[in-house]
Amino acid sequence: MPIINVRVTGKPDATLSASIAREITEITATQLRKDPTITAVAVSYLDPQHWFAGGKSLAEHGTNTFWLDIKVVDGTNTKLELEAYLKAMFDAFGRLLGGVHQESYAFVHEVPAAAYGYGGKTQEFRFISGRLNAA
């Protein structure tokens, strides 16, 4: 059920967006055990002349970059899983964008289950309902 926002340098490209969404969803399912059928990915683009690293634009660097922001329920993943996820994302974007600047970021927000959900129900509600139904 994660929501993943991705920003990459370049011109909007529907084919690239679909590849990014597919790859991110797969890595998120594999590394973080998140259900791909309820994973949402939003991709947006920014001209490399307007993205700066070390005081120089990415256009000046002659490279691309990304920023991935994902929200997951607190405590559902270990530090080792998060570490593997971040590495897999950096590697994937290296392939997808043709190499990325070292100053590219992935940020995993671990949020309380009572403050996060979809379909009008929190993840805390889903957890408690599941436990009650199992009893």
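Residues numbered from 1 in each chain as written. Predicted model: local features only at pLDDT ≥ 70, side-chain atom pairs only at ≥ 80, totals over all residues. Heavy atoms only, no water.

Undergrad: Now, about helix α1 (residues 14–32): what can you tell me, with residues and values included?
TA: The terminal C-alpha atoms of α1, which comprises 19 residues, lie 26 Å apart, in line with the 27 Å expected from a rise of 1.5 Å per residue. Where α1 is concerned, the buried positions are Leu16, Ser17, Ile20, Ile24, Thr25, Ile27, Thr28 and Leu32. The N-terminus of α1 is capped by Asp13, whose side-chain oxygen sits 2.9 Å from the backbone nitrogen of Thr15. After α1 finishes, the residue Arg33 shows a positive phi value of roughly 60°. (Helix = DSSP H or I, 4+ residues; strand = E, 2+ residues; numbered from the N terminus. Expected span 1.5 Å × (residues − 1). Buried < 20%, exposed > 50% of the residue type's maximum accessible area, 1.4 Å probe, protein only. Polar contact = N/O pair within 3.5 Å; in protein donor to acceptor, adjacent residues only side chain to side chain.)

Undergrad: Please provide a residue-by-residue account of the nonpolar core, values included.
TA: Leu68, Tyr85 and Phe93 are the most contacted members of the largest nonpolar core, which totals 22 residues. Excluding anything up to four places from it in sequence, Leu68 contacts Ile4, Asn5, Val6, Ile24, Tyr85, Met89, Phe93, Tyr105, Ala106 and Phe107. Membership of the second largest hydrophobic core comes to five residues, among which are Val73, Val111, Ala113 and Tyr116. (Core = buried A, V, L, I, M, F, W, Y, C linked by side-chain atoms within 4.5 Å. Contact = heavy atoms within 4.5 Å.)

Undergrad: If you had to explain the packing of α1 against helix α3 (residues 79–97) to someone new, which residues and values would you point to?
TA: Look at α1 against α3: their axes get within 10 Å of each other, and the N-to-C directions meet at 160°. By the criterion of interaxial angle, the relationship of α1 to α3 is roughly antiparallel. Of the two elements, α1 crosses α3, and the hand of that crossing is right-handed. Residues Leu16, Ser19, Ile20, Glu23, Ile24, Ile27, Thr28, Gln31 and Leu32 of α1 pack against Glu81, Leu82, Ala84, Tyr85, Ala88, Met89, Ala92, Phe93, Arg95, Leu96 and Leu97 of α3. (Axes fitted to C-alpha atoms, helices over the stretch in contact; angles between N-to-C directions. Parallel < 35°, antiparallel > 145°, perpendicular 65-115°, else oblique. Left-handed = near helix turned anticlockwise from the far one by under 90°.)

Undergrad: Before we move on, can you summarise the pattern of salt bridges with the specific residues and values?
TA: In total, this model carries four salt bridges according to the counting rule given. For Glu23, the salt bridge identified is with Arg95, shortest N-O distance 2.6 Å. Remark: Arg95 occurs in helix α3 and Glu23 occurs in helix α1; sequence separation between them is 72 residues. Relative accessible area serves as the criterion here: at 56%, Arg95 is assigned to the exposed category. Between Glu81 and Arg33 there is a salt bridge whose closest N-O contact spans 2.9 Å. With a gap of 48 residues between them, Glu81 in helix α3 and Arg33 in the loop between α1 and β2 (40–46) connect regions that are remote in the sequence. On the accessibility criterion, Glu81 (18% relative accessible area) is buried. (Salt bridge = Lys/Arg side-chain N within 4 Å of Asp/Glu carboxyl O.)

Undergrad: Explain the side chain of Ser17 to me, and be specific about the residues and the numbers.
TA: Relative to the assigned elements, Ser17 resides in helix α1. Apart from the residues lying within four places of it in its own chain, the contact partners of Ser17 are Val43 and Tyr45.

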